[in-house]
Amino acid sequence: MTVEQNVLQQHSQKHQQTLLNQLREVTGTTDVQLLQQALQVSNGDLVEAVAFLTEKNAKVPQQDEATYYQTTQVGNDRYISVGSQADTNVIDLTGDDKDDLQRAIALSLEESSRAFRETGITDEEQAISRVLEASIAENKASLKRTHTEVWSDSPNPHDRKRMENCPVGLKNVGNTCWFSAVIQSLFNLLEFQRLVLHYSPPARVQDLPRNQKEHRNLPFMQELRNLFSLMVGSKRKYVDPSRAVEILKDAFKSSESQQQDVSEFTHKLLDWLEDAFQMKAEEDREGEKPKNPMVELFYGRFLAVGVLEGKKFENTEMFGQYPLQVNGFKDLHECLEAAMIEGEIESLHSSAENSAKSGQEHWFTELPPVLTFELSRFEFNQALGRPEKIHNKLEFPSMLYMDRYMDRNREITRIKREEIRRLKEHLTLLQQRLERYLSYGSGPKRFPLADVLQYAMEFASSKPVCTSPVEDIDTSAPPGGTMGQPLTAEQGPSSLPPEGSAPMTQQRVPIHKPFTQSRLPPDLPMHPAPRHITDEELRVLEGCLHRWRSEVENDTRDLQGSISRIHRTIELMYSDKSMMQVPYRLHAVLVHEGQANAGHYWAYIYDPHQHRWMKYNDISVTKSSWEELVRDSFGGYRNASAYCLMYINDKKPFLIEEEFDKETGQMLSGLDKLPPDLKAYVTEDNGLFDKEVEEWDTLQETHGISTLPHASTAVLVHYMEQPSPTDDSKHLQEDTERAISKAVAEQQEERSPEGLLSAAIKVEYTRLLRFAQEDTALENDYRLQHVIVYFIQNQAPKKILERTLLMQFADRNLGFDERCKSIMKVARAKLDLIKPEEVNMEEYEMWHQDYRNFRETTIFLMIGLELFQKKSFVEALMYLIYSYQYNRELLVKGLYRGHDEELIGHYRRECLLKLNDNAAGMFESGEEPEVSKGLSIMNELVVPCIPLLLVHDTEKDLLAVEDMRNRWCSYLGQEMEPNLQEKLTDFLPKLLDCSTEIKSFHDPPKLPTYSTLELVERYSRVMASLSRVPADGR
């Protein structure tokens, strides 16, 4: 065999072994013969080999249905785990297979080095490849979706139009919220933004890239420039980053898919940017050592000082993103302190060269202008064989002083650390002493010592009891009764019934006498008390207990005071000015919500010019606050926590300074910030968008279509001005005629039509005022019976009330007797005499439109509740959704403009939870028609409604959303068919999207017409049924 043949054979064996390893990891199959068979059948094609093994496994007899589905959450039988085969790197450690255990250990310890050694591809590159494959596949699939789905673009371009000076969002093109979060954080570093926008590729590689890096990085840089230019000058509310993601996808190849890790992506992105700028720097500074702006912006250096097996060493290392462990620490400084010291650091300060101890310290010699911390919130659970997220709370400041970690402050920091160590030792001792006072006793139950002494004093001070606590209880007496009780000394003979009296047939109430108040009635538990105690004994004991209690309280106060002072001393240890010379201000916080296997990313970014925090959540960019950031970022709330912190040097304002025109001195904004090629690119895109808006407006004008359905624009027949005698007009007519008849009966002197009209209006107004002031049950809403009741309760102007009542008496459909006719004519004449300046007709119409909106909202609510009670949740949802939305708009104007918001919100929430449960049950069935139906319910009904629950941030709605998400996330990591796993992986990012923007929605249902009597009767019936079935307190 020749040397060349030998080399080729070794290479072939290595390649085959690599494929076997990849196939083993992807499928979880450990049978080597089966893996080799799959490779032979597929001729070395990894995708076909996976398909072969998947089909092979599918033919294996499955477990029976009863054992296949397993409950995963103890104490909650609503969550049934269907499971997942998606996480191919997770090994089942719950069985007895030793091979699995060994493989898990090997994976956790050697996976990174082995993968790179065998394939030449790093873990980061593989991970990025996996997520990008999933992202592009999701983006292609999204093209087939209908516009009614929540993640698609609104067909109305006005919904996608950018507000003036509002930041531009980024469209999530499929599992790319990580991309949006990182890119927005970098884009808002104005120095970084300028570097990207003004980047030009080296002249020698514009035509033909020399190597793979240039072939990859240069097109990516151009697409990043295009993306940044759109984020600067686009007229669109959000832009599509698909082209940049496509180039990232093409850089690596892999068949797996999972949501990308923010820190890994940021690290790889900066690597690519560094390479791109390095090429340019080398060309611009031939003969000199080139300066790379990415390195200068994001990379720093630290000095590692330590002892290894007794030998001291020092070496300088470069760092970019600095990793920090979260578990076991309460704030960022604790994380940093732990990261800066490793091993037994005391050996560093000793002069013994032969010490076997090892340890090292890190001291920053040079900090980058942009300092990024990776917070490690994931850890691998060896027992469960899968990664888990750490939800512990970790606080971090808005201003971070890095002086204590700098090499130039090494000695003073060591002194302060030693002082803090000594104080913490003393603090531990004091806390242990305090604990002995606060948890006194030798048994399992312990109590504060001061309370124990107080209880002893109370016991000793109780009146002595001469009898046993069980002697005065008659075991034959009925429980709690007084009949048949033995005679006590306190009761005396007078308490007995007189002789010859009738036997007692009712329970007697015991008599409490003033001098026996310390003695409880026999049917109540008796307070324990000493049997025998003399006055002298009591006096001595009370004196001792009182003195001891005072001593204990004083000792406790002293200990608590000392502990507080030590805490304060530690907090202020680095507060002197000499240790506050390296300030770093928090620029961006990247947040992850969800679990280890799935979740959603967004970013909080500080706007130094507006002095406020902004929330960048894919296409949604909204104003925020430090309080909201703390709630979502510190951890422990809604499974959300900070995952990456970006600080900037507060003494280097160029990082966030705007650019100014050198000639005019004016600040550049919009298209003026862009170089000519990008300005032309954005102008062209804006022209396309303007054309889309123009075409849309023309289409709407042609067809006369309103772009947004709204209750206030609904066309309803006026409830008081109907042209023919309908049920409503008959009802109103009867009320009017009754008022006239009563006025005639009361008016003995003034019988003119004018007088009768005035009296009748007064009678009718008095009747309606009584209704408006009456405190009624939920089902008796008098506002539905008459508009005047609604107006009175909402304090409508007097002129509006008067004109409305005149309109009622001017109805042409009144009775045809002469008296009613004459009153109607007078009312119409008075209406004609009202001058325009006396009644604002726009205000009049507005009040009546509000009442029509109120009635329409009532119908939405009524039908929704009726359908909910019939368990027709799919049909009920839209009625409840729109009743809540329209009712909220009414309540903005006044408390009595609409219905009880909490009640509507409860049934809206419950309807979504029921639909979620039904859809999850269908998914759990595993049957294809049911699974598709369940996911359709989620995609078309539940997911579009989640932003409605998140937008107002009410606790019960947030809990409901968390409940729904947890239900679906509980399926992750469990066994299920590959097609189910694929559907679940496709669906979860949509469910976990935290955007509060309603991107598109179903049209409101068309409402039937009801007369007032019908509406009042049906509304009363459904509300009465609700009062009989109390709403649960979810």
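Residues numbered from 1 in each chain as written. Predicted model: local features only at pLDDT ≥ 70, side-chain atom pairs only at ≥ 80, totals over all residues. Heavy atoms only, no water.

To continue, consider helix α8 (residues 190-197). The buried fraction of α8 amounts to eight of the eight residues, a majority that puts the element mostly inside the structure. All of the buried residues in α8 are L190, E191, F192, Q193, R194, L195, V196 and L197. (Buried < 20%, exposed > 50% of the residue type's maximum accessible area, 1.4 Å probe, protein only. Helix = DSSP H or I, 4+ residues; strand = E, 2+ residues; numbered from the N terminus.)

Considering the arrangement of structural elements, one finds N649 in strand β18 (residues 640-649). Apart from the residues lying within four places of it in its own chain, the contact partners of N649 are P369, P583, Y584 and L655. (Contact = heavy atoms within 4.5 Å.)

Another aspect to go through is the pattern of salt bridges. A full pass over the atoms with the stated rule returns 41 salt bridges. For the salt bridge of D407 with R410, the shortest nitrogen-to-oxygen distance reads 2.7 Å. The class of D407 is partly exposed, set by a relative accessible area of 23%. Judged by its relative accessible area of 15%, R410 falls in the buried class. We note a salt bridge from R585 to D650, for which the minimum N-O separation is 3.7 Å. Here R585 is found in strand β14 (residues 583-594), whereas its partner D650 is found in the loop between β18 and α18 (676-703), with 65 residues between them in sequence. Because the salt bridges share partners, they merge into one network encompassing K615, E628, R631 and D632. (Salt bridge = Lys/Arg side-chain N within 4 Å of Asp/Glu carboxyl O.)

Here we take up the pairing of strand β17 (residues 620-623). As paired strands, strand β16 (residues 612-617) and β17 are joined by four bridges and run antiparallel to one another. Counterpart to K615 in the pairing with β17 is T622. Hairpin connection of β16 to β17: two residues between the antiparallel strands, including D618 at a positive phi of 55°. (Pairing = 2+ DSSP bridges.)

What follows concerns the packing of aromatic side chains. A full pass over the atoms with the stated rule returns 31 aromatic pairs. Note on F220 and W272: the rings are 5.7 Å apart at their centroids and 80° apart in plane angle, and the pair reads as edge-to-face. Pair noted here: F220 is in helix α9 (residues 212-233) and W272 is in helix α11 (residues 262-284), with a separation of 52 residues, a long-range link. Classification of F220 by relative accessible area gives buried; the value is 1%. Summarising the aromatic geometry, the rings of Y601 and Y643 are spaced 6.0 Å apart at their centres and angled 50° between planes, so their arrangement reads as tilted. Placement of Y601 in strand β15 (residues 599-607) and of Y643 in strand β18 is noted, with a sequence separation of 42 residues between them. The burial state of Y601 is the same as that of Y643; both residues are buried. The ring centre of Y574 lies 6.0 Å from the NZ or CZ of K416, which sits over that ring. (Phe/Tyr/Trp six-rings, centres within 6.5 Å; stacked < 30°, edge-to-face > 60°. Lys NZ or Arg CZ within 6 Å of the ring centre and 35° of its normal.)

What follows covers the environment of D735. Locating D735 in the fold gives a position in helix α19 (residues 727-746). Put simply, D735 and Q808 are 73 residues apart on the chain and 9.6 Å apart in space, counted from C-alpha to C-alpha.

Everything listed here is a matter of geometry and, on its own, says nothing about what the molecule does.
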